[in-house]
Amino acid sequence: MNDIKIKNESSTTKFMQIVDSIVKGIDSGEIKRNTRLPSITVFSKRYGISRDTVEKAYKKLVEKGYLIAIKGKGNYVLDRQDSRLRILLIFNKLSSYKKIIYDTFLETLGSNARVDLYIHHYNPDVLREIIDENLDCYNHYVIMPHFFHDVNEDDYLAVLNAIPADKLLLLDRNLNLDKEVSAVYQDFKSDIYIALKESIGLTQKYNRITVVFPKHSNHPIELNGGVMKFCLETEKQFEVVNSTQKELIKPGSAYILLTESDLAVLIKQCRQLGLQLGKDVGVLSFNETVLKELLDITVVTTDFEKMGRIAASLLLENRVDQVKNPFYMIQRNSL
């Protein structure tokens, strides 16, 4: 195995320098398949690296499918004739909608790719750790860049800008990066504005539109701008409240709800007050579910299946493109 250069002054951890060097050697053919790598002890002494760091790097290479650890014999390079794309998919959270995207994404890729799933939990620091540990280990990085509103935008933009443009695909939300990258996204402000505009007859009976936007929300704040624009044009009162828990339901108002819990509370309050949905109070909920269909709730939603299919197709075709995902309203009797 060729010498590995470990730079003490590098911003990349020694652990990742080892991983990156061995990955590049295997992918370039310099390190041949079935080669036995130096033992952890030998590697540690040769390069002046702690045993724990070397062991961690070897374990990561095993996880990524580059090495196989044979008990009593050591770590061997696997046959890298596997031509499948290696894709790192990073969601902000797990949900029923993410599962739809994930399932369709995998189905479209078929046997052409191997996908590893990570969650960053709206935290740029977690995203940075994931990328630092996996940069140069995958052909593509598919990332859903949703974060809490109080997060410094520069923190996650720096992480995303560190990924080569031809390897990065943004999912569900587009961003202004230092380079042109692929994206399959929603335009949240425009989408809700157009949906309301095209269904203007449904809101004529209401003099106020209230967006129930949770205080510590991770939902796109651009939604409020789209609703406000519609209200200004139609001369309706516009307001944003944090929850339906303490909100006094106002007859003559239409409510746009982002969460299932707020929807449930509002429906309960309307029943207690004897208010009829679609007549006294309007309800518009985000994202379709079977339960909302059964409750006859009007929804606005994107096509999550199509989002997964388009994203997979861009990777399979090795094509850089920015595609706005379809968004539409399903009209029912709650509005």
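About the cut-offs
Residues numbered from 1 in each chain as written. Predicted model: local features only at pLDDT ≥ 70, side-chain atom pairs only at ≥ 80, totals over all residues. Heavy atoms only, no water. Buried < 20%, exposed > 50% of the residue type's maximum accessible area, 1.4 Å probe, protein only. Helix = DSSP H or I, 4+ residues; strand = E, 2+ residues; numbered from the N terminus. Pairing = 2+ DSSP bridges. Right-handed = clockwise from strand over helix to strand, strands pointing away. Contact = heavy atoms within 4.5 Å. Patch = residues over 30% accessible without salt bridge, like charges linked within 9 Å, V, L, I, M, F, W, Y side chains within 5 Å. Areas by Shrake-Rupley, 256 points an atom, 1.4 Å probe, with all protein chains shown as cover. Salt bridge = Lys/Arg side-chain N within 4 Å of Asp/Glu carboxyl O. Polar contact = N/O pair within 3.5 Å; in protein donor to acceptor, adjacent residues only side chain to side chain. Axes fitted to C-alpha atoms, helices over the stretch in contact; angles between N-to-C directions. Core = buried A, V, L, I, M, F, W, Y, C linked by side-chain atoms within 4.5 Å. Phe/Tyr/Trp six-rings, centres within 6.5 Å; stacked < 30°, edge-to-face > 60°. Lys NZ or Arg CZ within 6 Å of the ring centre and 35° of its normal.

(A) Main features of the pairing of strand S3 (residues 85-91). Most of S3 sits out of view: 7 of its 7 residues are buried. Side chains Leu85, Ile87, Leu89 and Phe91 project from S3 onto one buried face, and the interleaved Arg86, Leu88 and Ile90 project onto a second face that is buried too. Of the pairings in the sheet, the one linking S3 to strand S4 (residues 113-119) comprises 7 bridges and is parallel in character. Residue pairing in the sheet places Leu88 in a bridge with Asp116 of S4. In this fold, the crossover linking S3 to S4 by way of helix H4 (residues 96-109) has right-handed handedness.

(B) Structural context of the environment of Leu196. If you trace the backbone, Leu196 turns up in helix H7 (residues 188-198). Considering only alpha carbons, one finds Leu196 and Ile4, 192 residues apart in sequence, at a separation of 59 Å. Aside from chain neighbours lying at most four places away, what touches Leu196 is Val227, Phe230, Ile256 and Leu284.

(C) Looking closely at a nonpolar patch on the surface. Taken together, Val290, Leu291, Leu294 and Leu295 make up a surface patch of nonpolar side chains, about 420 Å² in accessible area. Within the secondary structure, Leu291 sits in helix H11 (residues 290-294). For Leu291, a relative accessible area of 52% corresponds to the exposed category.

(D) Fine view of the environment of Asn325. In this fold, Asn325 is placed in the loop between strand S13 (322-324) and strand S14 (327-330). Each C-alpha atom, one on Asn325 and one on Asp191, is 9.9 Å from the other, the two residues being 134 residues apart in sequence. Dropping the residues within four chain positions of it, Asn325 is found in contact with Val184, Tyr185, Thr302, Asp303, Lys306, Met307 and Ile310. Within the structure, the side chain of Asn325 is placed 2.9 Å from the side chain of Thr302, a separation counted as a polar contact. A polar contact of 2.8 Å, which involves the side chain of Asn325, links it to the backbone oxygen of Asp303.

(E) Focus on the sheet that holds strand S11 (residues 282-286). Ordered by their spatial adjacency, 6 strands build an open sheet running S9-S8-S10-S11-S12-S14, and the pairing between neighbours is mixed. Single-partner strands in this sheet number two, and they are strand S9 (237-241) and S14. Going across the sheet, the axis of each strand differs from the next one's by a mean of 20°, ignoring polarity. Sheet topology places strand S12 (residues 298-302) next to S14; 4 bridges connect them, and they run antiparallel. Each residue of the ladder has a partner; that of Val299, found in S14, is Ile330. Packed on one face of the sheet, helix H10 (residues 260-273) meets strand S8 (208-212), strand S10 (253-257) and S11 and runs near 150° to S10.

(F) Structural view of the pattern of salt bridges. Applying the stated criterion across every chain, the model contains 14 salt bridges. One salt bridge in this structure joins Glu239 and Lys250, with 3.6 Å as the shortest N-O distance. Of the two residues, Glu239 sits in strand S9 while Lys250 sits in the loop between S9 and S10, which places them 11 residues apart along the sequence. The salt bridge partner of Arg319 is Asp321, with a shortest N-O separation of 2.9 Å.

(G) Seen up close, the nonpolar core. Counting 43 residues, the largest nonpolar core has Ile22, Tyr58, Ile143 and Leu160 as its most contacted members. Of all the elements, helix H1 (residues 14-28) adds the most residues to this core, at 7 residues. Residues contacting Leu160, with those up to four places away along its chain left out, are Leu127, Ile143, Pro145, Leu168, Leu170, Leu175, Leu177 and Lys179. Formed by 24 residues, the second largest nonpolar core is a distinct cluster that contains Phe91, Tyr97, Ala113 and Leu314.

(H) Layout of the packing of aromatic side chains. Enumeration according to the criterion identifies 7 aromatic pairs in this entry. Each ring, one from Phe286 and one from Phe327, has its centre 6.2 Å from the other, and the planes form 45°; the classification is tilted. With Phe286 in strand S11 and Phe327 in strand S14, this residue pair connects regions lying 41 residues apart in the sequence. Here Phe327 falls in the buried class, since its relative accessible area comes to 17%. One aromatic cluster is present, formed by Phe43, Tyr47 and Tyr58 through successive ring pairs. Above the ring of Tyr193, the side-chain terminus of Lys229 is found at 4.3 Å from the ring centroid.

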